[in-house]
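Below are the chains, spelled out letter by letter.
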Amino acid sequence: MTKLKIAYSPCPNDTFVFDAWAHGRVPGAPRLDVTFADIDLTNGWAEGADAPYDVLKVSYAVLPWVLDEYALLPCGGALGRGCGPLVLSREPGLDLTGKTVAVPSERSTAYLLFRLWAADTVPGGVGEVVVLPFHEIMPAVRDGKVDAGLVIHEARFTYGNYGLHALADMGEHWEHTTGLPIPLGAIIAKRSLGEDTLRLLAESARASVRMAWDDPTVSRPYVLEHAQEMDPKVADQHIGLYVNEFTADLGETGYAAVRGLLTRAAAEGLVPPLGPDALKFP
């Protein structure tokens, strides 16, 4: 089989999950041609016509637009508890009514969680939503260019360095109102690969993450090489939050979380409604 083209982020959870597979250590797994890209790019690639990637890491929020072409793999992605996006501000307790909020993408799970939270807790509605690259959001809030910012991933551990305050935790709100884990990043693969290959991809992703768990030291050079100067301790915290039992298998609870997010978001008019079998895996 020719190499499959895959794109995932350089974040520690993705490099940890895919290290064994990307380096040919998973017996019987298809060979991979890896591209690193932030999730806003992979979301766009998934929506694009004739996208050249066979496998992509995307936001769960983008699924309603891409599931005709791609199947959701039941493993390899990121769900969890206590790992949701944060809204940050310069001053604690800021009322966001009418305020400008920077977000990393309007096609992200973080954005859906933010809009669902705001619908419940900001009766007057937030003001302008500005899309900024992820690394620019905290400096923009610190410098007063925006009133607040929605951040993800390692920013949970570093926002204090910018003198910022956590105004709200989107994950806490989601878990409190639903009792479900937070769906963040998904692994999708082209349906045109065929059912047998899709099953092999899922088995390979599951084997790769289990190999990483068996000996985390093996993946460490790959993780730190791509962690964008991240402190190794922060990288470890990042992996601890985002790589868990749902990475190995979504299971009933994981699927319920995904359906719950997208159903609620559709009710708010944020995404198209899902078909009854849209999440079914071959």
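Above: the structure in question.
The sections below set out a description of the structure shown in this document. (Residues numbered from 1 in each chain as written. Predicted model: local features only at pLDDT ≥ 70, side-chain atom pairs only at ≥ 80, totals over all residues. Heavy atoms only, no water.)

## Overview of the packing of aromatic side chains
Thought 1: Inspection of every chain in the model, using the stated rule, returns six aromatic pairs.
Thought 2: Their ring planes at 55 degrees and their centres at 6.1 Å tell us that phenylalanine 36 and tyrosine 222 sit as a pair that is tilted. Of this pair, phenylalanine 36 sits in strand S2 (residues 32-36) while tyrosine 222 sits in helix H9 (residues 216-225), placing them 186 residues apart in sequence.
Thought 3: Within the aromatic cluster, the residues linked to one another by ring pairs are Tyr8, Phe18, Trp21, Phe36 and Tyr222.
Thought 4: Over the ring of tryptophan 65 we find arginine 107; its NZ or CZ atom is 3.7 Å from the centre of that ring. (Phe/Tyr/Trp six-rings, centres within 6.5 Å; stacked < 30°, edge-to-face > 60°. Helix = DSSP H or I, 4+ residues; strand = E, 2+ residues; numbered from the N terminus. Lys NZ or Arg CZ within 6 Å of the ring centre and 35° of its normal.)

## Regarding the pattern of salt bridges
Thought 1: Using the criterion set out here, one finds nine salt bridges in the structure.
Thought 2: Of the charged contacts in the structure, one is a salt bridge between aspartate 143 and arginine 142, with a shortest N-O distance of 2.9 Å.
Thought 3: Connected through shared salt-bridge partners, Glu195, Asp196 and Arg199 make up one network. (Salt bridge = Lys/Arg side-chain N within 4 Å of Asp/Glu carboxyl O.)

## Considering the sheet that holds strand S10 (residues 165-169)
Thought 1: Spatial strand order, S8-S7-S9-S6-S10: five strands in an open sheet with mixed pairing. On the outer flanks of this sheet lie strand S8 (129-131) and S10, each paired with one strand and no other. On average, adjacent strands in this sheet sit at an angle of 30 degrees to one another, irrespective of strand direction.
Thought 2: Strand direction decides the pairing type here: strand S6 (residues 86-89) and strand S9 (residues 148-151), joined by four bridges, are antiparallel. (Pairing = 2+ DSSP bridges. Axes fitted to C-alpha atoms, helices over the stretch in contact; angles between N-to-C directions.)

None of this, on its own, says anything about what the molecule does.
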